Amino acid sequence: MIDKNSPSIEILEASHTKDTVLIIEDDEINRGILSALLEEKFNLFEAENGKVGLDVLSENFKKISIILLDLMMPVMDGYEFLQRISQEKRFKSIPVIILTANNADADQIRALKLGASDFITKPYNPNIIVNRIEAIIRLRRSFEILSATVLDNLTGVYLSQAFFVRAKQILKNHHSDEYDFVCTNIESFKIMNSRHGRKSGDKLLQEVAGKFKSILQKHEICGRISADRFMILLRHREPDFYKKLEDEITKIFKNGIADAFVLKFGICENIDHEEDTSSIYDNAMFALNSITRRYGKTISYFNQDLRKKAQAEQDVIDNMEEALDANEFVVFYQPKHGIKENKAMGAEALVRWNSKKFGFMSPGLFIPIFEQNGFITKLDYYIWENVCKMLHERIEKNDIVVPVSVNISRSDFDMTDLDQTIIALADKYNVPHNLLHLELTESAYNENSEQIKKIIDSLHSAGFIIELDDFGTGYSSLSILTKIPFDILKLDMSLVREIKNLAGRNVLSCIVDLANRFNMKTVAEGCEDQETTEILGELGCDLIQGYFYSKPLPANEFFEYIDLHGMR
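Residues numbered from 1 in each chain as written. Predicted model: local features only at pLDDT ≥ 70, side-chain atom pairs only at ≥ 80, totals over all residues. Heavy atoms only, no water.

1. Re the sheet that holds strand S11 (residues 299–301)
Argument step 1. Strand order across the open sheet formed by six strands is S6-S8-S9-S7-S10-S11, with mixed pairing between neighbours. Edge positions in the sheet fall to strand S6 (158–159) and S11, since each has one partner strand and no second.
Argument step 2. Here seven bridges tie strand S7 (residues 179–187) to strand S9 (residues 229–235), and the two strands are oriented antiparallel to one another. Counterpart to asparagine 185 in the pairing with S9 is arginine 229.
Argument step 3. Across the sheet, helix H9 (residues 198–215) lies against S7, strand S8 (221–224), S9 and strand S10 (262–268), angled at about 5 degrees from S9, the strand it touches most. (Pairing = 2+ DSSP bridges. Helix = DSSP H or I, 4+ residues; strand = E, 2+ residues; numbered from the N terminus. Contact = heavy atoms within 4.5 Å. Axes fitted to C-alpha atoms, helices over the stretch in contact; angles between N-to-C directions.)

2. Brief notes about the packing of helix H7 (residues 160–173) against helix H11 (residues 277–289)
Argument step 1. Here H7 crosses H11 at 105 degrees, and the two axes come no closer than 10 Å. Taken together, H7 and H11 sit at an angle that is classed as roughly perpendicular. In this structure, H7 uses Phe164, Ala167, Lys168 and Leu171 to contact H11, whose residues at the interface are Thr277, Ser278, Ile280 and Tyr281.
Argument step 2. Here the contact of H7 with H11 is built from residues that sort into five nonpolar, two polar and one charged. (Parallel < 35°, antiparallel > 145°, perpendicular 65-115°, else oblique. Nonpolar A, V, L, I, M, F, W, Y, C, P; charged D, E, K, R; others polar.)

3. A closer look at H9
Think of an α-helix as 3.6 residues a turn; residues three or four steps apart then line up on the same face.
Argument step 1. Along its 18 residues, H9 runs 26 Å from first to last C-alpha, staying within 8% of the 26 Å computed at 1.5 Å per residue.
Argument step 2. Considered for burial, the residues of H9 that qualify are Gly201, Leu204, Leu205, Val208, Ala209, Phe212 and Ile215. In a view along the axis of H9, the buried residues occupy a sector of 125 degrees, so they form one face of it. Relative to its buried face, H9 has exposed residues pointing more than 90 degrees away, namely Lys199 and Ser214. (Expected span 1.5 Å × (residues − 1). Buried < 20%, exposed > 50% of the residue type's maximum accessible area, 1.4 Å probe, protein only. Arc of directions from axis to C-beta.)

4. Quick notes on the environment of asparagine 185
Argument step 1. Tracing the sequence through the fold places asparagine 185 in strand S7.
Argument step 2. Each C-alpha atom, one on asparagine 185 and one on glutamine 530, is 46 Å from the other, the two residues being 345 residues apart in sequence.
Argument step 3. Filtering out sequence-adjacent residues up to four positions away, asparagine 185 remains in contact with Asp228, Arg229, Val262, Leu263, Lys264 and Leu288.

5. Things to note about the sheet that holds strand S5 (residues 118–121)
Argument step 1. Sheet architecture is open: five strands sit in the order S2-S1-S3-S4-S5, paired in parallel fashion. Lying at the two open borders of the sheet, with one neighbouring strand each, are strand S2 (42–47) and S5. For this sheet, the mean inter-axis angle between neighbouring strands, taken without regard to orientation, is 25 degrees.
Argument step 2. The pairing of strand S1 (residues 19–24) with strand S3 (residues 64–70) spans five bridges and is parallel. Bridge pairing links threonine 20 to isoleucine 64 in S3.

6. Here we look at the side chain of aspartate 180
Argument step 1. You can see aspartate 180 is positioned in strand S7.
Argument step 2. One buried charged residue, aspartate 180, remains without a salt bridge, the closest side chain of opposite sign being arginine 237 at 6.7 Å.
Argument step 3. For aspartate 180, the side chain forms a polar contact with the side chain of histidine 236, separated by 2.9 Å.
Argument step 4. In this structure the side chain of aspartate 180 is engaged in a polar contact, spanning 3.0 Å, whose partner is the backbone nitrogen of arginine 237.
Argument step 5. Setting aside residues no more than four positions away along its own chain, aspartate 180 makes contact with Ile232, Leu233, Leu234, Arg235, His236, Arg237, Tyr242, Ile267, Cys268, Glu269 and Asn270. (Lys, Arg positive; Asp, Glu negative; His and termini not counted. Salt bridge = Lys/Arg side-chain N within 4 Å of Asp/Glu carboxyl O. Polar contact = N/O pair within 3.5 Å; in protein donor to acceptor, adjacent residues only side chain to side chain.)

7. Things to note about the packing of helix H12 (residues 304–325) against helix H13 (residues 363–373)
A pair of packed helices is captured by two measures, namely the crossing angle of their axes and the spacing between those axes.
Argument step 1. One way to put it is that H12 packs onto H13 with a least axis distance of 10 Å and a crossing angle of 70 degrees. Judged by the angle between their axes, H12 and H13 are roughly perpendicular. Residues Glu313, Val316, Ile317 and Met320 of H12 form the contact with H13, whose participating residues are Phe366, Ile369, Phe370 and Asn373.
Argument step 2. Residue composition of the contact of H12 with H13, by class: six nonpolar, one polar and one charged.

8. Focus: the packing of aromatic side chains
Argument step 1. Enumeration according to the criterion identifies 21 aromatic pairs in this entry.
Argument step 2. Each ring, one from phenylalanine 370 and one from phenylalanine 375, has its centre 4.9 Å from the other, and the planes form 70 degrees; the classification is edge-to-face.
Argument step 3. What makes phenylalanine 370 buried here is its relative accessible area of 0%.
Argument step 4. Relative accessible area serves as the criterion here: at 4%, phenylalanine 375 is assigned to the buried category.
Argument step 5. One residue, arginine 237, lies across the ring of phenylalanine 241, its end atom 4.8 Å from the ring centre.
Argument step 6. The ring of phenylalanine 332 has arginine 352 lying over it, and the distance from NZ or CZ to the ring centre is 5.6 Å. (Phe/Tyr/Trp six-rings, centres within 6.5 Å; stacked < 30°, edge-to-face > 60°. Lys NZ or Arg CZ within 6 Å of the ring centre and 35° of its normal.)

9. Details of helix H19 (residues 502–517)
Argument step 1. A rise of 1.5 Å per residue sets the reference length of H19, with its 16 residues, at 22 Å; its end C-alpha atoms lie 23 Å apart and thus fit the reference within 8%.
Argument step 2. Of the residues making up H19, those classed as buried are Gly504, Leu508, Ile511, Val512 and Ala515. In a view along the axis of H19, the buried residues occupy a sector of 100 degrees, so they form one face of it. Along H19, the residues that are exposed and aim more than 90 degrees away from the buried face are Leu502, Ala503, Cys510 and Arg517.
Argument step 3. Summarising the contacts, the buried residues of H19 are in contact with strand S17 (465–471), strand S18 (488–491), helix H18 (493–496), strand S19 (521–525) and helix H20 (530–539).
Argument step 4. With its phi angle positive at about 60 degrees, asparagine 519 sits one or two positions after the end of H19.

10. Overview of unusual backbone geometry
Argument step 1. Its identity as a non-glycine residue notwithstanding, asparagine 342 has a phi of 55 degrees, on the positive side.
Argument step 2. Assignment of secondary structure puts asparagine 342 in the loop between strand S12 (329–338) and strand S13 (343–355).

11. Thoughts on the pairing of strand S4 (residues 96–100)
Argument step 1. S4 sits mainly inside the fold: five of its five residues count as buried.
Argument step 2. Of the two faces of S4, both are covered, the one formed by Val96, Ile98 and Thr100 as well as the one formed by Ile97 and Leu99.
Argument step 3. Pairing analysis gives four bridges linking S3 to S4, with the strands arranged parallel. Bridging across to S4, leucine 68 finds its partner in isoleucine 97.
Argument step 4. Taking the sense of rotation as the criterion, the β-α-β connection linking S3, helix H4 (residues 78–86) and S4 turns out right-handed.
Argument step 5. Pairing of S4 with S5 involves four bridges; the strand directions are parallel. Looking at the pairing, leucine 99 lines up with isoleucine 120 of S5. (Right-handed = clockwise from strand over helix to strand, strands pointing away.)

Printed below as a string of C-alpha cells:
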C-alpha cells in the first residue's frame, strides 16, 4: 500500500498555483492572441523582442516556468536570445517553445541545437498549445525531482538536492505563510562515532531525525545535509519552540552513548519566498557557524551582521596561504616570571598577523577561523619552527635562553606522527627538548583522548615539557590529570581575576595544592597588578604571566627583556 503522506509522494504532487509563461513575440496581434488563449491557466509576462525578453527573464527567472519564443524579431531575434540564455546557468533549466510559421528543417535544427525544447506552428490551435505547454512543464518538474535521489536511506528524511527542490515548491505554493529555515548539527559527532562505533552513531542520527520528523506539520520538511547536519523548513516558530526542541532531544541521550550531546541551531526566520533556497541555506549556515565550538551557545539567528562577518572571514581565508608564504605571521613572546626567583624563567609564543592587506590583526580575529578550517595546523608548525630557530640562534651565541611554550591545537592531533614531527623539528635545530614546552587544552583532549594520550606520552618520554592550558575554564575536570603526564598547570585568567574575592582565592588555593600533590608547577595567566602577584606568591604559585611584568613582545624586544631580566 502506498503511503500518501510519504515525502516521495508529496514531492511529486503538481503545483496548485498557476505556472508563469513568458511570451516573446514582436507581432502585437499574435501576442494578444496568445495571451487570450493562455491567461485563464497561466500567469503571463510579455516582451516585444529578444532584448526586452532577456530583461524580463533576468528580473523574474525564479517565477518563469516556460518561454514561448518567436524566431524572427527586430533588435534581438530568437536565435540570439537562445544563445544568450544558454550561457547563463540560472536560465538553462527553463524550457523554450519556438513559435514559428516556417516549418523549414534547417531553422528547427538550428533552434534545437541552441537549446529549444519544442515547436508550435502558427496559426495557433488552442488545445494543442495549452496541452503542449502543460506537458513540457510537467516534464521539467519531473526531471528536476527525479534527478535528485529523494530520501536518505538511514534517516528517512530528504537528501539535500531533493530537499531544495521540495522547499522551492512549498515556498512557491504557500506564499502567504511565514517560514523559518533551520540548519542543525551535533557537535563532536565524529568523536562519538569513533568512541562508540558507526552503528551507535547511526542510531543517534536516526533518533534525531525521528524527533525532527515528529514536529513536522503539513507542508513542512526535513533534510539531511551531511553526516550529522540536518535542515528543516518550518512555518515560523517563536524562539521558545527551538529551545524546547533542543531540551527534548538532549534528554533523549542523557546518560547514554552521547552523554556530552550538544545540538546547535542556525535559524533564518521569516524567509523571503522569492529568494533562492540555496541562499537561504547559506544564511542559516552563517548563523550556525557563528556558534560552532562556542560553549553554552546553542541557538543563533541570522542577521546581516553575520553575513558581513562571514564575508570578512572569507577574506581572511582567501589571504591566509599567501600570508604564510610571505612571513606575515609574526611570533611574539610573553615572559613568565618566577615568583621566588624574581626572574624571567620562560615565555609563551603567541602569533600576530601583520597583513599587507588588513593591517595588524589580533589573533582573536583569525585563530578561530583557522581552527575551524584546519589551517591552524600549518600555522602551528610555522610557529614551532620559528621558535626552534630562535632558540638555536641564542644558544649558538651563548645568549640567555629560557624555555618557550608553544600551543598544540586539536587539529594537530589528526597527524598520527605528530610526536615524530615535533621531535624531528627540535632535533633539526639542535634544541634541547626541555626548552620546548607543549601546551594542550583539555577541550582538545576530550575530542580524541586515546590518540592524544599516545602522542603526549611519546613526547613526554622524549623530554618535552607538557603544560595543561586554560585550567579552570568550562571544560575542566580533574580526571584528565590522572591520564596525561602534565608538568605544568596553567591557571586561566578568569580564575586569577577573582583572586581578590575570598571565594576566588580559595578556589585558586585548592588548585595550587592539587598541582603540588601531582608534582606540577603552576603558571598564573592574566596577572596585572602588585596585589595579585603577592597573593599568588602567598598561595604558592610558581610562575606569573601577565601585563604586570610584560605584555607580549616582538622578538627583538623580547631578547632585550630576557638579557635584562633572565637568569643564566
